[in-house]
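The residues making up each chain are set out below.
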Amino acid sequence: MATSKYTGRDKGVDLKDAVGFFSWDLSENKVFADSVFAYIYGIPPHELEIGAPIEQVIKHVAEDDMPRVAKALHETIVSGKPCHQTYKISHPSGKSIVVTGQGRCLRNGEGMPSIYTGLVTAEENGVKSNDADPLASHCLEALKLAKRRRHALAERYLTSALGALGRRAEN
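Given the structure is predicted, the values throughout are model-derived calculations rather than measurements.

Visitor: Give me the lowdown on the confidence of the model for the chain, citing residues and values where you can.
Guide: One rule of thumb: low pLDDT means the predicted coordinates there are not for detailed reading. Taken as a whole, the chain shows an average pLDDT of 83; of its residues, 82% reach a score of 70 or greater. Contacts of residues 126–131 to residues separated by more than four positions or lying in other chains number twelve contacts, the stretch itself having pLDDT below 50.

As structure tokens, this is what we get:
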């Protein structure tokens, strides 16, 4: 099956707040996913609508990360425990993307691994956002609320706090 590349340029996907969802049917070895997931992995969305093999999805995982990611997937399938992984992929467009995935393998009525389901988030160019520390994002949200409620003093203090954290208040 020839696979075309999908860069998502026509979709304008902003990865800042994007979450991609997927389900992998283990018995059929087909991954079904939404358009955000498709963009992150550079796979045409229509291929994931009908199900694409897992090999097509993970082929862009960085060579250094592949053994760890493969081991974590295997352990999650066997144990049924949640999996949380962060790794790099080489997007077909040439850019580097850091992916964080969370998933779990569900069992069928006979207790056999059946569906691996989860979500992924990503950051383009391999740059971690400053939101790794939730304090900055909480301050930003509080600042938005203070502005809506016209609390000038709270606005001033929150803007100052963001400055101390190395962040600028978004207008």
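Continuing now.
Visitor: For the pattern of salt bridges, give the residues involved together with the corresponding values.
Guide: Applying the stated criterion to the full structure yields three salt bridges. Between Lys71 and Glu75 there is a salt bridge, with the nearest N and O atoms lying 3.9 Å from each other. Of the two residues, Lys71 and Glu75 both sit in helix H4 (residues 66–79), four residues apart, roughly one turn of that helix. Two residues, Lys144 and Glu141, come together in a salt bridge whose shortest N-O distance is 3.1 Å. Here Lys144 and its partner Glu141 are both found in helix H5 (residues 134–148), three residues apart, which amounts to about one turn of the helix.

Visitor: An account of the environment of Met66 is needed here, citing residue identities and associated values.
Guide: Of note, Met66 is situated in helix H4. Remark: the alpha-carbon pair of Met66 and Ile89, spanning 23 residues in sequence, is separated by 9.5 Å. In this structure Met66 touches Ile58 and Val61, once residues within four positions along its chain are discounted.

Visitor: Describe the nonpolar core, naming the residues involved and giving the relevant values.
Guide: Ranked by size, the top nonpolar core spans 31 residues in total, and within it Phe37, Ile40, Tyr41, Leu48 and Val99 carry the most contacts. Of all the elements in the fold, those that place two or more residues in this core are strand S1 (20–25), strand S2 (30–33), helix H1 (35–41), helix H3 (54–58), H4, strand S3 (83–90), strand S4 (96–107) and strand S5 (113–124). Among the elements that take part in this core, H1 stands out by supplying six residues, more than any other. Filtering out sequence-adjacent residues up to four positions away, Val99 remains in contact with Ile40, Tyr41, Gln85, Thr86, Tyr87, Ile89, Val120, Thr121 and Ala122. Within the second largest apolar cluster, six residues are counted, among which are Cys139, Leu140, Leu143 and Leu162.

Visitor: Describe the side chain of Glu47, listing the residues and the values that go with them.
Guide: Secondary-structure assignment places Glu47 in helix H2 (residues 45–50). One buried charged side chain, Glu47, makes no salt bridge at all; its nearest oppositely charged neighbour is Lys59, positioned 7.6 Å away.

Visitor: Give a detailed account of the packing of aromatic side chains, specifying residues and quantitative values.
Guide: All chains considered together, the criterion is met by four aromatic pairs. Measuring from centroid to centroid gives 5.3 Å for Phe22 and Phe37, while their planes differ by 40°, and the two rings are tilted. Placement of Phe22 in strand S1 and of Phe37 in helix H1 is noted, with a sequence separation of 15 residues between them. With respect to class, Phe22 is no different from Phe37; both count as buried.

Visitor: Go over unusual backbone geometry with me, naming the residues and quoting the values.
Guide: Positive phi, normally seen in glycine, also occurs at Asn29, with a value near 50°. With respect to the secondary-structure elements, Asn29 resides in the loop between S1 and S2.

Visitor: Any details on helix H6 (residues 152–164)? Residues and values, ideally.
Guide: For H6, spanning 13 residues, the distance from its first C-alpha to its last is 18 Å, which sits close to the expected 18 Å at 1.5 Å a residue. Directly after H6, the chain includes Gly166, whose backbone phi takes a positive value near 80°.

Visitor: Please provide a residue-by-residue account of H4, values included.
Guide: With 14 residues, H4 extends 20 Å between its outermost C-alpha atoms, agreeing within 8% with the 20 Å of an ideal straight helix rising 1.5 Å per residue. Taken as a whole, H4 has its buried residues at Val69, Ala72, Leu73, Thr76 and Ile77. The buried residues of H4 occupy an angular sector of 135° when the element is viewed end-on, so they sit on one face. Facing away from the buried side of H4, by more than 90 degrees, are the exposed residues Pro67, Lys71, His74 and Val78. Positive backbone phi, at 80°, marks Gly80, one or two positions downstream of H4.

Rules behind the numbers
- Residues numbered from 1 in each chain as written.
- Predicted model: local features only at pLDDT ≥ 70, side-chain atom pairs only at ≥ 80, totals over all residues.
- Heavy atoms only, no water.
- pLDDT = per-residue confidence, 0-100.
- Contact = heavy atoms within 4.5 Å.
- Salt bridge = Lys/Arg side-chain N within 4 Å of Asp/Glu carboxyl O.
- Helix = DSSP H or I, 4+ residues; strand = E, 2+ residues; numbered from the N terminus.
- Core = buried A, V, L, I, M, F, W, Y, C linked by side-chain atoms within 4.5 Å.
- Buried < 20%, exposed > 50% of the residue type's maximum accessible area, 1.4 Å probe, protein only.
- Lys, Arg positive; Asp, Glu negative; His and termini not counted.
- Phe/Tyr/Trp six-rings, centres within 6.5 Å; stacked < 30°, edge-to-face > 60°.
- Expected span 1.5 Å × (residues − 1).
- Arc of directions from axis to C-beta.

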